[in-house]
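Descriptive structure summary
These are the residues of each chain, in order.
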Amino acid sequence: MKQQRFLQLPSFSSVVLILTPILLSPLTVCVPGKESDCAFVILWVAVYWITGCLPLGVTSLLPVIVFTFMEILTLTEVTNAFFFNGIWILLGSISLAIAAQTTQLHLRISLKILLLIGTSPKRLLFGFMLVTYFLSMVISNVVITAMMIPIVEGVIEEMKQREKYGKNKNLQECMVLEEKHSNQNNADIEHLPEDTHMDTEMRNLAKGLTMCIPYASSIGGVASLTGTWVNIIVVTVLKASFPRSEEIGFATWFFYCFPASLITFVVAYFWLMWLYFGISHPRMWFKRRDKSIDATKILLEGEYVKLGPIRWKEKWVLAVFCVTLFLWFTRRPGFMPGWSQLIDGKYVNDGVVALTTVFILFLIPQEKPTIFTSKSYRKQRKRSKSILSWLDIQKYFIWELIFIVGAGLTLAEGAKKSGLSTYLANQLSFLVNYPPWLACLCLSLFGMAITECTSNTAVTNIMLPILVEVAVAMRVHPYYICLPTVLSVSLAFMLPVATPANAVAYSSGHFKIVDMLKAGWFLNLVGVFFITLSINTYGVVFFNLNQYPDWANIQNQTNVLPGNAKRKIFFLILKIVTEFCSQCGCTGKQH
């Protein structure tokens, strides 16, 4: 019997891969010029980034290939975009996070804080959010979420077992009562109905504790320059677009973003508490916990005991972290002279500080040196590895991040060189008729909405070059337009695809997309509100936004062809193509 063959349709990714350049190619023919060529590349990369038909790192190689073939950028300009100054703080901060991850220092800190705060449901919610909030300032959001979710699941499972034990105990008591009154009632013994109230409480507990992890990591990531990749991208693009501008360092970013981030964190805690646990009287918040919660505390204490006493390598990683943060904050704090001003600040930045401290971790051994021990013991003992090894960097470092950030800078440089960013800014010139605060609010809401459907790094790479030109066209300080929009992009709470942290939490299966929509819409609006409020209040004084800076007066040096020349070239190309096609047709007839 012959097997029936069915027509196998191509996958969605294959269709997008093939059709995207074909459908966008008329843009380069119908509207000739470097602007249309650059728009073709940006749209091509944007479609691949949004649909995810290729890995983000692979798609990031497209601008390198196509820009050079289209003669928009030289290979030297593309290389400079990939090896930018911000790459060093990126490498240093991620390497420090890897050191904390391999030594399990972040797990020790989180468990200790949870035990100190308490184990009642509301205190657990606050404890998990607080730990995630602060750790996400220096460690990647995905790493923190992936670390905290198993702890949350262990707590939820322990509470489920405790509830199940309580139900079985009540069932046995009812069975004893039924046996005593068996002479009066001959009916069969039926199981008790399920306690729907307790089940609802357990489901709400699982939703609240699981959902608070990615929310707190996103909010905490906004407060620090190293919190998310988006923060480093915006600082790097602004410095590349305005070379004469002052660099936004770690301390400057933190002092500006931390107040809005902290207020958003407090609102998020009370919103989730009201949504899943209900808000009781404030006096009940500090009430001593019930003895029935001892099982959760025992679970957390057991996990903490497994770590053992703090080790040599954990002490060194903690010390290096503290020294790095101290040097970042005091390098150029803004309100006082920093230590970098004692030397020439042009040569030292936050990336150099991070690389220096990371280099120290490559030199320190994992175990305490045994210099004063006996010679026989030293012979038996093997040579200790360093706290941070190159194998750890190869295993845990997110290498595609360099390509993603480099591709964003390449697209920004291509849009600037080709004149596309100036063209788009002219098309958005109607924003000049509106107040700057309204334009800032609309752009922030737009960035927040679009990032719910795609990666926040992709949205940032696509929007930043346009935002820079919009600010220049409106004669508004570039920070006033760029910073609120990019910060709003990082606060995406409604869908799992918005951020990798959301996807990790959603994969646990404790909540549905409807639950994220229900909890996230309010937090999205709250985040945008406080971000725009901060830029319009203390941000004005912090960055001197009332004056248009001199370093923003940059004219595009690209020789853009006038309209008549473009039309002549277009008809010339069209004539050449038609003659070529006619010759091919004639040749085909002769054969």
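Here we summarise the structure given alongside this text. All of these numbers come straight from a predicted model, not from anything done at the bench. (Residues numbered from 1 in each chain as written. Predicted model: local features only at pLDDT ≥ 70, side-chain atom pairs only at ≥ 80, totals over all residues. Heavy atoms only, no water.)

Attention now goes to the overall build of the protein. Scanning the protein from terminus to terminus reveals 28 helices and zero strands. In the protein, of all internal contacts separated by at least 6 residues, the share reaching a separation of at least 24 is 79%. Of the roughly 31,700 Å² of accessible surface on the protein, a fraction of 64% belongs to carbon and sulfur atoms. (Helix = DSSP H or I, 4+ residues; strand = E, 2+ residues; numbered from the N terminus. Contact = heavy atoms within 4.5 Å. Areas by Shrake-Rupley, 256 points an atom, 1.4 Å probe, with all protein chains shown as cover.)

Right, let's get into the pattern of salt bridges. Here the structure, examined in full by the defined rule, presents four salt bridges. Arg 311 is paired through a salt bridge with Glu 314; the nearest N and O atoms lie 2.7 Å apart. The class for Glu 314 is buried, based on a relative accessible area of 0%. Where salt bridges share partners, they join Arg 108, Arg 311 and Glu 314 into one cluster. (Salt bridge = Lys/Arg side-chain N within 4 Å of Asp/Glu carboxyl O. Buried < 20%, exposed > 50% of the residue type's maximum accessible area, 1.4 Å probe, protein only.)

With that settled, consider unusual backbone geometry. In the Ramachandran plot, Glu 71 falls in the positive-phi region, its phi being about 60° despite a non-glycine side chain. Judged by relative accessible area, Glu 71 falls into the exposed class, the value being 63%. Not every positive phi belongs to a glycine, and Asn 544 is a case in point at roughly 55°. Along the chain, Asn 544 falls in the loop between helix H27 (538–543) and helix H28 (563–590).

A few words now on the packing of helix H13 (residues 250–276) against helix H26 (residues 513–536). In a pair of packed helices, the angle between the axes and the distance between the axes together describe the arrangement. One can describe the packing of H13 onto H26 by two numbers: an axis separation of 10 Å at closest approach and a directional angle of 155°. Viewed along their axes, H13 and H26 adopt a mutual orientation that is roughly antiparallel. As H13 packs across H26, the resulting crossing turns out to be right-handed. Of H26, the residues touching H13 (which contributes Tyr 256, Ala 260, Ile 263, Thr 264, Val 267, Ala 268, Trp 271, Leu 272, Leu 275 and Tyr 276) are Asp 515, Lys 518, Ala 519, Trp 521, Phe 522, Leu 523, Val 526, Gly 527, Phe 530, Ile 531, Ser 534 and Ile 535. Residues that form the contact of H13 with H26 fall into these classes: 17 nonpolar, three polar and two charged. (Axes fitted to C-alpha atoms, helices over the stretch in contact; angles between N-to-C directions. Parallel < 35°, antiparallel > 145°, perpendicular 65-115°, else oblique. Left-handed = near helix turned anticlockwise from the far one by under 90°. Nonpolar A, V, L, I, M, F, W, Y, C, P; charged D, E, K, R; others polar.)

Right, let's get into empty space enclosed by the protein. Overall, the coordinates contain two cavities of 30 Å³ or more when judged by the stated rule. Lining of the largest cavity is provided by Ile 219, Val 222, Tyr 256, Cys 257, Ala 260, Ser 261, Thr 264, Leu 487, Leu 491, Ile 531 and Ser 534. Looking at the lining of the largest cavity, the elements that each hand over two or more residues are helix H11 (196–223), H13 and H26. In terms of residues, the lining of the largest cavity owes the most to one element, H13, which gives five residues. (1 Å grid on protein atoms, 1.4 Å probe; cavity = no way out; pocket = protein on both sides within 12 Å on 5 of 7 lines; lining within 4 Å. Points joined across faces, edges and corners; volume = space filled by probe spheres on them.)

We now examine the packing of aromatic side chains. This structure, assessed with the given rule, holds 23 aromatic pairs. For the pair Tyr 215 and Phe 493, a centre-to-centre distance of 5.0 Å together with 75° between the ring planes defines the contact as edge-to-face. Highlighted residues: Tyr 215 in helix H11 and Phe 493 in the loop between helix H24 (478–490) and helix H25 (500–506), separated in sequence by 278 residues. Three or more aromatic residues joined by ring pairs form one cluster here, namely Phe 242, Tyr 256, Tyr 479, Tyr 538, Phe 542, Phe 543 and Trp 551. Against the face of Tyr 304 rests Arg 108, its NZ or CZ located 5.7 Å from the ring centre. (Phe/Tyr/Trp six-rings, centres within 6.5 Å; stacked < 30°, edge-to-face > 60°. Lys NZ or Arg CZ within 6 Å of the ring centre and 35° of its normal.)

Our focus in this paragraph is the side chain of Thr 103. Summarising the element assignment, Thr 103 is placed in helix H7 (residues 86–103). A distance of 3.4 Å separates the side chain of Thr 103 from the backbone oxygen of Ala 100, its partner in a polar contact. Apart from residues lying up to four places away in sequence, Thr 103 is in contact with Arg 311, Lys 313, Glu 314, Val 317 and Ile 387. (Polar contact = N/O pair within 3.5 Å; in protein donor to acceptor, adjacent residues only side chain to side chain.)

Formed by 127 residues in total, the largest nonpolar core has its most connected members in Phe 128, Met 129, Leu 209, Trp 253 and Leu 272. Leave out the neighbours within four places in its chain, and Trp 253 touches Val 222, Ala 223, Ser 224, Leu 225, Asn 231, Val 234, Val 235, Ile 248, Phe 258, Leu 483 and Leu 487. With 25 residues, the next largest nonpolar core counts Ile 42, Trp 49, Leu 62 and Phe 82 among its residues. (Core = buried A, V, L, I, M, F, W, Y, C linked by side-chain atoms within 4.5 Å.)

Bringing the environment of Ala 407 into the picture now. Positionally, Ala 407 belongs in helix H20 (residues 400–418). Assessed through its relative accessible area of 0%, Ala 407 is described here as buried. Distance in space between the C-alpha atoms of Ala 407 and Val 64 is 7.7 Å, their sequence separation being 343 residues. With near-sequence residues (within four places) excluded, Ala 407 lies in contact with Trp 49, Ser 60, Pro 63 and Phe 82.

As far as function goes, none of this settles anything; it's purely spatial.
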